[in-house]
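Structural description and commentary
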Amino acid sequence: MISKSESIAMIGAGLVGPLLAIGLVKRGFNVEIYERRPDMRRASASAGRSINLALSARGIHALREAGLWDEMRRITVVMKGRMIHSASEELTFQPYGKDDSEIIYAISRAGLNVALINAAEARGVQINFRQRCAGFTLKTGELDLHDQHTDEHRVVQRDVVIGCDGSASSIRNEILDLNRMDVSQELLDYGYKELTISAGPGGSHTLDAHALHIWPRGNHMLIALPNVDGTFGCILFLPFEGRDSFAHLATRADVTAFFSSRFPGAAAVMPQFADNFLANPTGSMVTIKCSPWHAEGRALLLGDAAHAIVPFFGQGINCGFEDCTVLLGLVDRHGADWERTFTEFEKARKINTDAIADLALENFVEMRDRVSDPRFLFRKKVELALEARYPQLFVPKYAMVTFHRVPYATALHRGQLQDRILTQLCDGIDRVDDLDWSKADRLIRGELTPLEIPS
Ligand SMILES: Cc1cc2nc3c(=O)[nH]c(=O)nc-3n(C[C@H](O)[C@H](O)[C@H](O)COP(=O)(O)OP(=O)(O)OC[C@H]3O[C@@H](n4cnc5c(N)ncnc54)[C@H](O)[C@@H]3O)c2cc1C
């Protein structure tokens, strides 16, 4: 067994880095994190506070394993389903799951990050802020750290380096430069803008607090997730170019006209939308698939650094946290035999992270367009009826991904089979009562095996 006194450096104190560090320290390793940003606990109180994430089964499981879920839960808001705001501002609520146990949680990104950083430090992880990784020598384990405060460089040497430094990972770029890696990078032709709906009187929510709100408009959409303080974090997704695009929203007048015509209801509860829109940067979204994620038992990529995905299934951080569960499980088995641990980790994860990347792209069309289509809603009802009758065989794709820890690749594959079954069963009917149950029985028993659901 290789010694646990080996030093591990992690790059990035975003969401995944501190959680993994907590697990490694618990297993007796020495861990230091280098983060290029300033310490967010000392940044201005309102910075990025309203921006939030959807947390579900995989993320919650990993937080539970770290002993953090009970504490984190206090800063979440339960979301029971989607609230669809039609073009004429009619509201339709679509529950996420079969009952009230199938829910997801909105959590402030900054709140989660601060809580993870605090928990990591409390357990002995040293986090060095304003230290940008500017280079990494695989052969020696030397990191070139650029101090953002003094503008000086220093070199530190570590036995193992884990890149949790997000979609533009410096560690990935270093491994790539050695011609050791295949990378595909697919930039979406859509961008996003983060906006905020302020709290109402006494910190109340001005929209239903327990829903993820969607204003689906065909080729674009606005979404809003609740925060504990009564605000909502909103994201507007628009094409960069063409009709209804960022290219056409250059002035306050453009933005005001666009919001008033496309999202009048949202504009009414978001009087500052034009200021927000003009002040906030436009973000881009990318899918990154690369391999290998590791080199020479010395370097590993994890989270967005290894597999950035688009945000439409709300799974990026859930997937990154699940990486921690899988990696720590392997560390429990193989100790500090990093070569073996890293190899088995990628073998277990890559097929699944590729699958969620594809599912996330697929879900974009569902969210911005199909959620308001009556045929889509009918299929959802049929799905629930099939699940109620065949709970071991037919579990909706959304549930496999979000409420269970079924491997993503299984969810993708079974989802495709189930889609075909649904199409055959829904064809020509528009009431669940008219379902041909003997056909359903034949198709489901013929094509699906019982689903193994990890506890
Ligand atoms: C608009 C949007 C909405 C999203 N919504 C959801 C959601 O609802 N649910 C969900 O599960 N996921 C969501 N995601 C995805 C989620 O945000 C990411 O998957 C998650 O942040 C990845 O965590 P990470 O720790 O791997 O990377 P990051 O959170 O990106 O953290 C990387 C860290 O590394 C630091 N860093 C980078 N380069 C260096 C360097 N050279 N040296 C030192 N430090 C460095 C960065 O400053 C950062 O702190 C969303 C993403 C977007 C863009």
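First, a word on what this report is: a plain description of the structure on this page. Along every chain, residues carry numbers that run from 1 in the direction the sequence is written. Whole-chain, interface and lining totals are the exception, using all residues; otherwise, since this is a predicted model, local features are given only for residues with pLDDT of at least 70 and side-chain atom pairs are given and counted only at 80 or more. Excluded from the side-chain calculation are hydrogens and water; included are all heavy atoms of the structure.

**Observations regarding the packing of aromatic side chains**
Two descriptors summarise a pair of aromatic rings, namely the distance from one centre to the other and the angle between the planes of the rings. Here a pair means two rings of Phe, Tyr or Trp (six-membered ring of Trp) with centres within 6.5 Å. Their orientation is stacked below 30 degrees between planes, edge-to-face above 60, and tilted elsewhere. According to the stated counting rule, one finds 18 aromatic pairs in the structure shown. Ring geometry for Trp 293 against Phe 345: centres 5.8 Å apart, planes inclined by 55 degrees, an arrangement best described as tilted. In this pair, Trp 293 sits in the loop between strand E17 (282-291) and strand E18 (294-295) while Phe 345 sits in helix H11 (residues 338-368), placing the two residues 52 residues apart along the sequence. Here the term buried applies to any residue with accessible area under 20% of the maximum for its type, exposed to any over 50%, and partly exposed to those in between, with areas from a 1.4 Å probe on protein chains only. Exposure remark for Phe 345: the relative accessible area of 0% places this residue in the buried category. An aromatic cluster is present here, built from Tyr 190, Tyr 192, Phe 237, Phe 312 and Phe 364 joined pairwise through their rings. A ring is scored as having a charge over it whenever the NZ atom of a lysine or the CZ atom of an arginine sits within 6 Å of its centre and within 35 degrees of its normal. Taking NZ or CZ as reference, Arg 58 lies 3.9 Å from the ring centre of Tyr 408, over its face. Only DSSP runs of H or I covering at least 4 residues are called helices, and only runs of E covering at least 2 are called strands; the numbering of each starts at the N terminus.

**Structural notes on the site of the ligand**
The near set for a molecule or strand comprises every residue that places at least one heavy atom within 4 Å of it. What surrounds the ligand is a group of 30 residues, the closest being Glu 35, Ala 54, Arg 109, Cys 133 and Ile 317. Here a polar contact is recorded for every N or O atom pair within 3.5 Å, except that within protein the pair must consist of a potential hydrogen donor and a potential acceptor, and residues adjacent in sequence are included only if both atoms are side-chain atoms. One of the backbone N or O atoms of Ala 54 is found 2.8 Å from an oxygen atom in the ligand. Only the protein chains shown count as cover for residues, and the accessible areas themselves come from Shrake-Rupley with a 1.4 Å probe. Bound to the protein, the ligand loses 88% of the 1,000 Å² it would expose on its own. Looking at the shell around the ligand, the elements that each hand over two or more residues are strand E3 (52-55), strand E9 (131-137) and helix H10 (316-334). By residue class, the composition of the shell around the ligand is 13 nonpolar, 10 polar and seven charged. Classification used: nonpolar for Ala, Val, Leu, Ile, Met, Phe, Trp, Tyr, Cys and Pro, charged for Asp, Glu, Lys and Arg, polar for all others including Gly.

**Here we look at the sheet that holds strand E7 (residues 104-108)**
With antiparallel pairing, the three strands of this open sheet are ordered in space as E3-E7-E4. A single partner strand is all that each edge strand has here, and the edge strands are E3 and strand E4 (76-79). Neighbouring strand axes in the sheet, compared pairwise and without regard to direction, differ in orientation by 30 degrees on average. The pairing criterion is simple: DSSP has to find at least two bridges between the two strands. Both E4 and E7 contribute to a ladder of four bridges, which runs antiparallel. Simply put, an axis is a line fit to the C-alpha atoms, just over the touching stretch for a helix, and the angle between two N-to-C directions goes from 0 to 180 degrees.

**Re the pattern of salt bridges**
Between Lys or Arg on one side and Asp or Glu on the other, a salt bridge is scored when a side-chain nitrogen of the former is within 4 Å of a carboxyl oxygen of the latter. Here the structure, examined in full by the defined rule, presents 24 salt bridges. In this structure, the salt-bridge partner of Glu 102 is Lys 98, at a minimum N-O distance of 3.2 Å. Classification of Glu 102 by relative accessible area gives buried; the value is 4%. We note a salt bridge from Arg 431 to Asp 434, for which the minimum N-O separation is 3.1 Å. A relative accessible area of 45% means that Arg 431 is categorised as partly exposed. What you see here is one network of salt bridges that share partners, running through Asp 39, Arg 41, Arg 42 and Glu 121.

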